[in-house]
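Observations on the model geometry
The primary structure of each chain is shown beneath.
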Amino acid sequence: MPDNAPPIAHLRKRTDGSVEQHLLEAHLLDVARKSREFTAAFGSGGWGHAAGLWHDLGKYRQGFQRYIRETNDPDAHVESPIASVAKTHSGAGALHAIEYFENAAGAQGQIIGRVIAYLIAGHHAGLYDGQDLAARLASDATRIERDEAIAAKPAASILAPEALPDVAAIPAETPGSVPGRFALWLRMLFSSLVDADFLDTEAFMDQGKESARTGFATPVQLLDRFDTFMTRFGAGVAPSPVNRLRADILQQCRDKSAYSPGVFTLTVPTGGGKTLASLGFALTHAVAHDKHRVIYAIPYTSIIEQTAEIFRSVLGEADVVEHHSNAELDDARENARSRLACENWDAPIVVTTNVQLFESLFATRTSRCRKLHNLVGSVIVLDEAQLLPVDFLQPVLDVLRLLVDDYGVTLVLCTATQPALTSTQRFDPRKGLRGFDLGCVTEIVDDVPALYAALDRVQVHRPIDLDRADDWPTITDRIIQHDAVLTIVNRRQDARDLYAQLRAHDDRGLYHLSA
């Protein structure tokens with residue numbers, strides 16, 4: 001490598017076979033700028049900027065520069081140990097951050113340095129736990145990596161942040177506060193750094209991808225499309241009691257959307273037009289309160305596909321992104337643009353699974369965490385909220401409360417059967433579960449019992465004695481009193497036994513469905 005060759009971060013092969021170089025300093029500055037922009041959304045811009053400036057400091061090492069030039073490999077920048085040359089470079093910036101901030105600000109700088117080191121060290125491999133990170137930073141290999149980077153790029157010429165990151169931005173963990181506040185803040189910082197690094201690298205390596213990420217509609221434009229659709233749809237709907245109720249529910253959603261951001265419940269029985277009404281609330285609220293996107297999390301892929309199809313019919317194909325396993329296998333529903341949006345959820349409407357949402361909030365992998373910062377300032381609708389995972393209910397509730405309290409998220413719990421999440425008194429006191437404060441949750445529908453009465457289509461008759469089981473002849477006698485009956489039983493053998501009883505009586509119009 002020539003002595004005067006400028007350090008590079010990436011190589012890209014042109015179509016003619018030649019190689020284009022991405023200058024390392026330009027990459028560091030651009031990642032710092034993007035990371036500052038992302039973290040400024042939650043009052044932590046200085047933290048993101050510092051992490052971006054030094055995330056690839058180790059690439060200044062002569063060994064790395066020699067390796068990336070000699071291989072001419074576009075993937076040479078991806079960190080991993082190889083047989084002949086160590087491509088690792090994240091340790092140098094992490095160790096430099098610790099020493100720089102400790103020298104600059106003493107005890108306070110130690111805190112800053114540890115946070116920045118945590119972000120930088122994991123920006124390829126994923127988040128470390130504390131012990132593993134301490135071991136890596138204390139290793140001879142990391143010290144050598146840092147020393148080689150400093151030798152190649154003297155400390156006086158290393159890019160430095162304009163000011164110390166604001167320690168006041170660190171969320172306080174106080175008695176009685178929601179657990180995990182500091183951990184979620186770290187994840188948000190990490191997400192911002194990782195996405196900034198990916199986006200800047202992508203802009204150099206594949207400019208077509210960068211352009212494919214642009215051009216999404218704004219919430220204002222989406223709300224205008226929604227209004228146009230509902231006006232046209234309403235004109236073609238015959239007046240009826242149910243349709244009037246649906247229109248009233250939508251109007252209540254529009255009215256309540258002006259309320260301050262926070263936690264809302266939308267309790268609407270089946271047939272009340274909950275899907276479109278919730279979309280109306282989310283878009284109107286987003287416009288009123290400058291929210292950036294709407295994220296629908298739904299437990300079942302079958303419901304997701306149905307919901308996404310409805311949203312596309314209202315808002316258009318290009319601005320609704322499905323992110324779940326089935327969509328990833330369906331070329332008809334996935335294209336280059338939607339695949340990119342699934343990486344970091346920068347689309348205006350994302351329809352996804354509970355699994356995608358909550359696993360990302362607690363994950364360690366860069367690919368999972370990358371999207372987290374785009375939850376900031378969003379509207380999150382949890383459809384079929386009664387199906388939140390019971391085994392993980394406490395951490396799920398805690399992280400949802402933190403998203404609302406610290407990151408400008410409006411949460412909508414949308415279902416026909418609201419779970420008991422709004423008061424700790426309704427949880428099992430032996431487990432000490434923490435729920436939403438009752439006074440902080442707004443029900444969108446003014447009179448839920450009246451709505452249920454108006455849409456009542458089923459009468460439920462409970463057995464007098466739940467401990468006594470009727471035999472099949474008795475149940476058969478009840479069934480044959482009606483013209484049409486659907487009977488659900490527990491086991492396949494039960495289905496066969498009841499079918500045999502009914503067939504002996506009359507097999508016309510009789511069907512046995514099993515497994």
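For clarity, every value in this text was computed on a predicted model and none was experimentally measured.

Analysis parameters
- Residues numbered from 1 in each chain as written.
- Predicted model: local features only at pLDDT ≥ 70, side-chain atom pairs only at ≥ 80, totals over all residues.
- Heavy atoms only, no water.
- Helix = DSSP H or I, 4+ residues; strand = E, 2+ residues; numbered from the N terminus.
- Buried < 20%, exposed > 50% of the residue type's maximum accessible area, 1.4 Å probe, protein only.
- Contact = heavy atoms within 4.5 Å.
- Pairing = 2+ DSSP bridges.
- Axes fitted to C-alpha atoms, helices over the stretch in contact; angles between N-to-C directions.
- Expected span 1.5 Å × (residues − 1).
- Polar contact = N/O pair within 3.5 Å; in protein donor to acceptor, adjacent residues only side chain to side chain.
- Parallel < 35°, antiparallel > 145°, perpendicular 65-115°, else oblique.
- Left-handed = near helix turned anticlockwise from the far one by under 90°.

Thoughts on the overall build of the protein chain
If you tally the helices and strands in the protein chain, you get 20 helices and nine strands. When its C-alpha atoms are laid out on the principal axes, the protein chain stretches across 95 × 55 × 50 Å. Residue burial in the protein chain is summarised as follows: out of 515 residues, 47% are buried. In the protein chain, 73% of the contacts between residues at least 6 apart in sequence involve partners at least 24 apart.

So, helix α2 (residues 45–54)
Within α2, nine of the ten residues are buried, which leaves it mostly tucked inside the rest of the structure. Of the residues making up α2, those classed as buried are Gly 45, Trp 47, Gly 48, His 49, Ala 50, Ala 51, Gly 52, Leu 53 and Trp 54. Packed against the buried residues of α2 are α1 (24–40), α4 (90–121) and α7 (181–205).

Digging into the sheet that holds strand β9 (residues 441–443)
Reading across the sheet, the seven strands line up as β5-β6-β4-β7-β8-β3-β9 and stay open at both edges, with parallel pairing between neighbours. Either end of the sheet is taken by a strand with one partner, and the two such strands are β5 (320–323) and β9. Put simply, the sheet's adjacent strands are angled 20 degrees from each other on average, direction ignored. Note: strand β3 (residues 263–267) against β9, three bridges, orientation parallel. Residue Phe 264 lies in a different strand from β9, and its bridge partner there is Thr 442.

With respect to helix α17 (residues 393–406)
Counted at 1.5 Å a residue, the expected span for α17 with its 14 residues is 20 Å, and the 20 Å between its end C-alpha atoms agrees. Listed as buried for α17 are Leu 393, Gln 394, Val 396, Leu 397, Asp 398, Val 399, Leu 400, Arg 401, Leu 402, Leu 403 and Val 404. Looking at the packing, one finds that the buried side of α17 touches α7, β3, α15 (354–362), β7 (379–383) and β8 (410–415). Remark: Gly 408 follows α17 within two positions and exhibits a positive phi of approximately 65 degrees.

Notes on the pairing of strand β4 (residues 294–298)
Extensive coverage of β4 is indicated by the burial of five of its five residues. Side chains Val 294, Tyr 296 and Ile 298 of β4 all project onto a buried face; the interleaved residues Ile 295 and Ala 297 project onto the opposite face, where all are buried too. Pairing analysis gives five bridges linking β4 to strand β6 (residues 349–353), with the strands arranged parallel. Bridging from a neighbouring strand, Tyr 296 pairs with Val 351 of β6. With four bridges joining them, β4 and β7 adopt parallel strand pairing.

Regarding the environment of Arg 12
Mapped onto the elements of the fold, Arg 12 is located in strand β1 (residues 8–13). Relative accessible area serves as the criterion here: at 18%, Arg 12 is assigned to the buried category. Here the alpha-carbon distance between Arg 12 and Met 205, two residues 193 residues apart in the chain, equals 5.7 Å. Residues contacting Arg 12, with those up to four places away along its chain left out, are Ser 18, Val 19, Glu 20, Phe 204, Met 205 and Gln 207. Within the structure, Arg 12 has its side chain in polar contact with the backbone oxygen of Phe 204 (distance 2.8 Å).

A closer look at the side chain of Arg 146
Within the element layout of this structure, Arg 146 appears in helix α6 (residues 140–152). Since its relative accessible area comes to 10%, Arg 146 is described here as buried. Those residues in contact with Arg 146 that sit more than four places away from it in its chain are Ala 92, Leu 95, His 96 and Glu 99.

Overview of the packing of helix α11 (residues 274–288) against helix α12 (residues 301–315)
Running from N to C, α11 and α12 point in directions that differ by 60 degrees, and their axes come no closer than 11 Å. It follows from the interaxial angle that α11 and α12 lie oblique. Judged by the twist between their axes, the crossing of α11 over α12 is right-handed. Contacts from Thr 275, Leu 276, Leu 279 and Leu 283 of α11 reach α12 at Thr 307, Ile 310, Phe 311, Val 314 and Leu 315.

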